[in-house]
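# Fold and contact review
Residues per chain, in single letters:
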Amino acid sequence: MGWNSWNTFATDIDEKLVMDTADLFVTLGLKDAGYEYIVLDDGWMAKERDENGNMVADPQKFPNGMKALADYVHDKGLKFGLYSCAGSKTCAGYPGSRGHEYQDARSFASWEVDFLKYDWCNTENLNAQGAYETMRDALAKAGRPILFSICEWGNNQPWEWAENVGHMWRVSGDITNCWDCEVDHGGWSSWGVWKIINMRENIRYAAGPDHWNDLDMMEVGNGMAVAEDRSHFAMWCIMASPLILGNDLRIANTKTIETLTNSEVIAVSQDPLGIQGFRVSNKDSVEIWAKPLFNDAWAMTFVNMSDKVLELHYDWHDGVVEDKLNDLKLEIGTHRYTIKDLFQHKKLGDTSRKLEATLDQHDVLMVLLEKKEEP
Ligand code: GAL
């Protein structure tokens, strides 16, 4: 859980932004909610390496250097992350780490960096698995624990090889702040929330503690409707995706912060089993997803995909909610589960009766189901 500069700021970043963000992590309750990493994306480095080939921070944007900034973030009880790229240049044209992997890893470790996002632009004929393994080994040699975030957009199926290479890997091209659109940039596209959710079928098997499918930094607070933000957040939690904020915390409104700090929803994301959720059904404009949790509990989301208000009548006996991969099933026939609405924070009875709810356009009902003790 953390924050990354890219979605809102692109390369327009500086040390004040990081310090403000670290302060706001504490004052807005984000730190208490579990957000920890503050990550600078592309554009933090000077346009050229120094005379010894070292990657250095842009002296205008970061006059006090990266170690001082990392110290500031650490003093708040938070962690600090940086970005680099496996290619010769980053996507925005700054120096990449190709051919400098061990040297750069040593620099990052000496600045006490805790997280590295590693991109895939300008890689020409590089082999993806090999390139990411090289940086993994370089980080290990540098001797500091650094979370390694793989960002090759899912082009080389990292879910098939990256479990022992990185801690998380992007599964798509870049997210953009819309519900279900594709934005064509000529040669590449960015993707709305539901485009990303629907992009990869059947890769949930690859996710688990310390090796996650990464659905990209979130767009909560970046212009979608409050209901859409809520659904977006709920789905990232159901999917056990890393939760990386992508908004400007200095102007975040209370609704945004309320969504992002909802501790019961976050608990679904951070559940110790670490199982990525799955689609139960999508009919009649309702997407239904489920995630098995510790202690025989389940979380479920019901998302209104239509642009009208919708009345939900969900009969628990209608179909089977089954995670075939993990051999887990909602045992509706033999047990009752209590139901709690995790956004309204209220109890909704139990599974002996239909689930009835009114869902606004693109809104979500997210529930926690807990097995009742049998009499
Ligand atoms: C893209 C990456 C984005 C961002 C950007 C920086 O390749 O997917 O998340 O890091 O590069 O240039």
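Parameters at a glance
- Residues numbered from 1 in each chain as written.
- Predicted model: local features only at pLDDT ≥ 70, side-chain atom pairs only at ≥ 80, totals over all residues.
- Heavy atoms only, no water.
- Near = heavy atom within 4 Å.
- Polar contact = N/O pair within 3.5 Å; in protein donor to acceptor, adjacent residues only side chain to side chain.
- Areas by Shrake-Rupley, 256 points an atom, 1.4 Å probe, with all protein chains shown as cover.
- Nonpolar A, V, L, I, M, F, W, Y, C, P; charged D, E, K, R; others polar.
- Pairing = 2+ DSSP bridges.
- Helix = DSSP H or I, 4+ residues; strand = E, 2+ residues; numbered from the N terminus.
- Contact = heavy atoms within 4.5 Å.
- Axes fitted to C-alpha atoms, helices over the stretch in contact; angles between N-to-C directions.
- Salt bridge = Lys/Arg side-chain N within 4 Å of Asp/Glu carboxyl O.
- Buried < 20%, exposed > 50% of the residue type's maximum accessible area, 1.4 Å probe, protein only.
- Core = buried A, V, L, I, M, F, W, Y, C linked by side-chain atoms within 4.5 Å.
- Domains from an automatic or database assignment.
- Disulfide = S-S within 2.5 Å.
- Expected span 1.5 Å × (residues − 1).
- Phe/Tyr/Trp six-rings, centres within 6.5 Å; stacked < 30°, edge-to-face > 60°.
- Lys NZ or Arg CZ within 6 Å of the ring centre and 35° of its normal.
- Buried area = accessible area lost by both parts, 1.4 Å probe.

### What about the site of the ligand?
The immediate surroundings of the ligand are formed by 13 residues, with D41, D42, K117, D119 and D174 found nearest. One nitrogen or oxygen atom from the side chain of W153 is found 3.0 Å from an oxygen atom belonging to the ligand. At 3.0 Å, a side-chain N or O of R170 approaches an oxygen atom of the ligand. The fraction of the free accessible surface of the ligand (310 Å²) that becomes covered by protein chains is 95%. For the shell around the ligand, a count of residues per class yields 7 nonpolar, no polar and 6 charged.

### Focus: the sheet that holds strand β5 (residues 147–150)
Strand order in this open sheet of 8 strands is β9-β6-β5-β4-β3-β2-β1-β10, and the pairing throughout is parallel. Looking at the sheet topology across the chains shown, the edges are occupied by β9 (212–214) and β10 (244–245). Strands β1 (2–4), β2 (37–39), β3 (79–85) and β10 of the sheet are contacted by helix α2 (residues 15–27), whose axis makes an angle of about 160° with β2.

### Describing the sheet that holds strand β13 (residues 298–304)
One open sheet accounts for 6 strands, arranged β11-β12-β13-β20-β17-β18; its pairing is antiparallel. Among the strands making up the open sheet, the edge pair consists of β11 (278–283) and β18 (346–350). Pairs of neighbouring strands in the sheet enclose a mean axial angle of 20°, with direction left out of account. By the bridge criterion, 5 bridges tie strand β17 (residues 337–341) to strand β20 (residues 364–371) in an arrangement that is antiparallel.

### Quick word on the pattern of salt bridges
Evaluated as defined, the whole model comprises 23 salt bridges. Among the ionic pairs, R170 bridges to D174, the shortest N-O distance being 2.8 Å. Relative accessible area serves as the criterion here: at 23%, D174 is assigned to the partly exposed category. What you see here is one network of salt bridges that share partners, running through K67, D71 and E112.

### A short note on the nonpolar core
Ranked by internal contacts, the top residues of the largest apolar core, which has 92 residues, are Y35 and W44. For this core, the two domains that each supply at least three residues are domain 1 (2–269) and domain 2 (278–371). The residues contacting W44, other than those within four sequence positions of it, are I13, M55, V56, A57, D58, F62, M66, L82, Y83, F108 and W111. The next biggest cluster of nonpolar side chains, apart from the first, holds 22 residues, and it includes M300, W316, V321 and L359.

### Considering the state of the cysteines
Summed over all chains, the structure comprises 2 disulfides. Each disulfide pairs two cysteine sulfurs, and for C91 the partner residue is C121, the sulfurs being separated by 2.1 Å. Around the S-S axis, the bridge from C91 to C121 shows a dihedral of about 100° and counts as right-handed. You can see C91 sitting in the loop between β3 and α5 (101–110) and its partner C121 sitting in the loop between β4 (115–119) and α6 (128–142), a full 30 residues away along the chain. The exposure class of C121 is buried, given its relative accessible area of 18%.

### Section: the environment of F233
Positionally, F233 belongs in helix α8 (residues 226–238). The class of F233 is buried, set by a relative accessible area of 0%. Once the C-alpha coordinates of F233 and W153 are considered, the two residues, 80 residues apart in sequence, prove to be 20 Å apart. If we ignore the near neighbours within four places in the chain, the residues touching F233 are Y35, M218, V220, L243, T259, L260, V265 and I266.

### Re α2
Taking 1.5 Å per residue as the helical rise, α2 with its 13 residues ought to reach 18 Å, and the 18 Å between its terminal C-alpha atoms agrees with that figure. Residues of α2 that are buried include every one of E15, L17, V18, D20, T21, A22, L24 and F25, and no others. Looking at where α2 begins, the residue whose side-chain oxygen comes 3.2 Å from the main-chain nitrogen of K16 is D14. At the C-terminal side of α2, G29 shows a positive phi close to 85°.

### Concerning the packing of aromatic side chains
In total, this model carries 16 aromatic pairs according to the counting rule given. The interplanar angle of 65° and the centroid separation of 5.1 Å between the aromatic rings of F302 and Y314 together place this pair among those described as edge-to-face. On the criterion of sequence distance, the pair formed by F302 in strand β13 and Y314 in strand β14 (residues 310–314) is long-range, its members being 12 residues apart. Residues F302 and Y314 agree in their burial class; the two are buried. A connected cluster of aromatic rings, assembled from ring pairs, spans Y118, W120, Y132, F148 and W161. The ring of Y94 has K47 sitting right over it, with the charged end atom 4.1 Å from the ring centre.

### Focus on unusual backbone geometry
A positive phi angle, close to 45°, is found at E124, a residue other than glycine. Inspection of the secondary structure puts E124 in the loop between β4 and α6. Although it is not a glycine, H362 adopts a positive phi angle of roughly 60°. For H362, the location among the structural elements is in the loop between β19 (355–359) and β20.

### Things to note about the domain arrangement of the chain
With domains assigned, the chain is organised as domain 1 (2–269) and domain 2 (278–371). Summarising the inter-unit geometry, the C-alpha centres of domain 1 and domain 2 are found 31 Å apart. Contacts between the two partners involve 22 residues from domain 1, matched on the other side by 25 residues from domain 2. Summing both partners gives a buried area of about 2,000 Å² for domain 1 against domain 2, and 66% of it is carried by carbon and sulfur. By the criterion of area lost to domain 2, the three top residues of domain 1 are R204, I238 and E264, representing 30% of everything that side buries. The partner of K340 in a salt bridge is E264, and the shortest N-O contact between them spans 2.7 Å. For the interface between domain 1 and domain 2, the tally reads 11 residue pairs in polar contact (both at pLDDT 80 or more). Contributing elements (two or more residues each) for the side of domain 1 that touches domain 2: α7 (193–199), α8 and α10 (263–269).

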